[in-house]
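Tertiary structure, described
Spelled out from the first residue to the last, the chains are:
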Amino acid sequence: LTFINCIIQTTSLVYLTMAGNNSGSQYWQMAFNEAKSVIDNAGAYGIALDGDFQTLFNANKIDGSPEPIFALDYNNVEADDNAYDQIAPMTGIRGDDDDQGWSVVVPTMAVYESFDPQDYRTRVSFQTEVTIGGETVDYTQFNISGHEHAANQPYIAKYTRYPGAYARGNKRATSHNYSMLRYAEVLLIAAEAGVEIGETGLALQYLNEVRSRARQGGESTNGGYVETVIEASDFPADLTSITVADVLEERRIELAFEAKRWYDIKRRELGDEVFSASGYEGAKPDW
């Protein structure tokens, strides 16, 4: 039954992708219907937004979260050092005291600066402090090691901060159960499709539910891997109106570094815009 429910709930994402950039497509209605059905029956399915955004990327806590719908349980093979998952080491800081990383996937400064520092999700998503040689430094000194791949800019924290009991050298094996689809995305699917079919009231409600969770704060850290309680705040505030652009921006913040952005760019045919000279990575003429 759990697997069947998973397939049903994933259908909304399939329809969203099929709708593409066609405002008249029947698939917008179908995506909205499927996502709304999941939302309306969330209690029966046993799914909900987790109260703490950080829990979604804490391998020690994720199994108790009500938010993941379809998750990839990567390995958890304690004795097999060849059972690797690659996200944590690629996003880890080379040369830090916490088992290091490879410094292969590092966001640009423009990406980091596009996140509001008042948003709790910014703190969860980015690593801006680390301990190197026993000294806590900020991102302007991340390349103390002098390694060619290390960069003096914020790194991705979602997969390196709490890798769990099976984390080994460079965190190349972790205990992460990666969320391929979680309830927050279902809400945003319904919001995007809702705007397209004129259900703006519900679309706004669904998007604001995601923003409301971000305001709750929780237990997070910016360095040193010591949990700090982040108090609830009034940011990000609820929106009072909604457009497709609002939904895409919320997806960019909420789902950052979760392998979702490319599909948004492709579905909405945004490549020429986001990979232009004004994009976060500069001009990508052969994108």
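Use the structure listed above.
This one's a predicted model, so the numbers in the text were calculated from it and none came from an experiment.

A count of helical and extended segments in the protein gives 11 helices and eight strands. For 287 residues, the compact-globule formula gives about 19 Å, and the C-alpha radius of gyration of the protein, at 19 Å, lands near that figure. In terms of overall dimensions, the protein has a C-alpha envelope of 55 × 45 × 40 Å along the principal axes. Across the 287 residues in the protein, those meeting the buried criterion constitute 48%. Accessible area of the protein: about 13100 Å², with a carbon and sulfur share of 50%. Distance between charge centroids for the protein: 2 Å, based on 22 positive and 43 negative side chains.

Next up on the list: the pairing of strand β3 (residues 129-132). Residues Val130 and Ile132 line the buried face of β3, whereas the alternating positions Glu129 and Thr131 sit on a face that is not buried. In terms of strand pairing, β3 meets strand β4 (residues 135-138) through four bridges, oriented antiparallel. In the strand pairing of β4, Glu129 is matched with Asp138. Linking β3 to β4, which pair antiparallel, is a turn of two residues; within it Gly133 sits at a positive phi near 60°.

Moving on to the environment of Ala71. Within the secondary structure layout, Ala71 lies in strand β1 (residues 68-73). With relative accessibility at 38%, the residue Ala71 sits in the partly exposed group. Apart from the residues lying within four places of it in its own chain, the contact partners of Ala71 are Tyr178, Ser179 and Met180.

Residues Phe235 and Pro236 are joined by a peptide bond in cis, for which omega reads 0°. Its place among the elements puts Pro236 in the loop between β8 (228-230) and α9 (244-254). In this structure, Ser103 takes a positive phi of about 55° despite not being glycine. One can find Ser103 in the loop between α4 (87-91) and α5 (109-113). One non-glycine residue, Phe257, lies in the positive phi region at around 65°.

Moving on, we get to helix α7 (residues 183-197). Helix length check: α7 (15 residues) gives 21 Å between terminal C-alpha atoms against 21 Å at 1.5 Å per residue, within 8%. Gly198 lies just past α7 and shows a positive phi near 90°.

This part covers the packing of aromatic side chains. The full count for this structure, using the stated rule, is 10 aromatic pairs. Both rings, one in Phe115 and one in Phe126, keep their centres 4.9 Å apart while their planes meet at 80°; by these two values the pair is edge-to-face. Taken together, the residues span a long stretch of sequence, with Phe115 in the loop between α5 and α6 (120-125) and Phe126 in strand β2 (residues 126-127) at a distance of 11 residues. Looking at Phe115, the relative accessible area reads 5%, which means it is buried. An aromatic cluster is built from Tyr112, Phe115, Phe126, Tyr139 and Phe257, whose rings are joined through pairwise contacts.

So, on to the packing of α7 against α9. Two elements in contact, α7 and α9, have axes separated by 9 Å at closest approach and are oriented at 165°. As far as their axial angle goes, α9 and α7 are roughly antiparallel. In this structure, the crossing between α7 and α9 has a hand that is left-handed. In contact with Ala184, Glu185, Leu188, Ile189, Ala191, Glu192, Val195 and Glu196 of α7, α9 contributes Val244, Val247, Leu248, Glu250, Arg251 and Glu254. Partitioned by chemical class, the residues of the contact of α7 with α9 number eight nonpolar, no polar and six charged.

Before going further, it helps to examine a nonpolar patch on the surface. Together, Phe70, Leu72, Tyr74 and Met180 give the surface a local cluster of nonpolar side chains, amounting to about 370 Å² of exposed area. Locating Met180 in the fold gives a position in strand β6 (residues 177-182).

Each value, and the rule that gives it
Residues numbered from 1 in each chain as written. Predicted model: local features only at pLDDT ≥ 70, side-chain atom pairs only at ≥ 80, totals over all residues. Heavy atoms only, no water. Helix = DSSP H or I, 4+ residues; strand = E, 2+ residues; numbered from the N terminus. Rg over C-alpha atoms; globule rule 2.2 N^0.38 Å. Buried < 20%, exposed > 50% of the residue type's maximum accessible area, 1.4 Å probe, protein only. Areas by Shrake-Rupley, 256 points an atom, 1.4 Å probe, with all protein chains shown as cover. Lys, Arg positive; Asp, Glu negative; His and termini not counted. Charge placed at Lys NZ, Arg CZ, Asp CG, Glu CD. Pairing = 2+ DSSP bridges. Contact = heavy atoms within 4.5 Å. Expected span 1.5 Å × (residues − 1). Phe/Tyr/Trp six-rings, centres within 6.5 Å; stacked < 30°, edge-to-face > 60°. Axes fitted to C-alpha atoms, helices over the stretch in contact; angles between N-to-C directions. Parallel < 35°, antiparallel > 145°, perpendicular 65-115°, else oblique. Left-handed = near helix turned anticlockwise from the far one by under 90°. Nonpolar A, V, L, I, M, F, W, Y, C, P; charged D, E, K, R; others polar. Patch = residues over 30% accessible without salt bridge, like charges linked within 9 Å, V, L, I, M, F, W, Y side chains within 5 Å. Salt bridge = Lys/Arg side-chain N within 4 Å of Asp/Glu carboxyl O.

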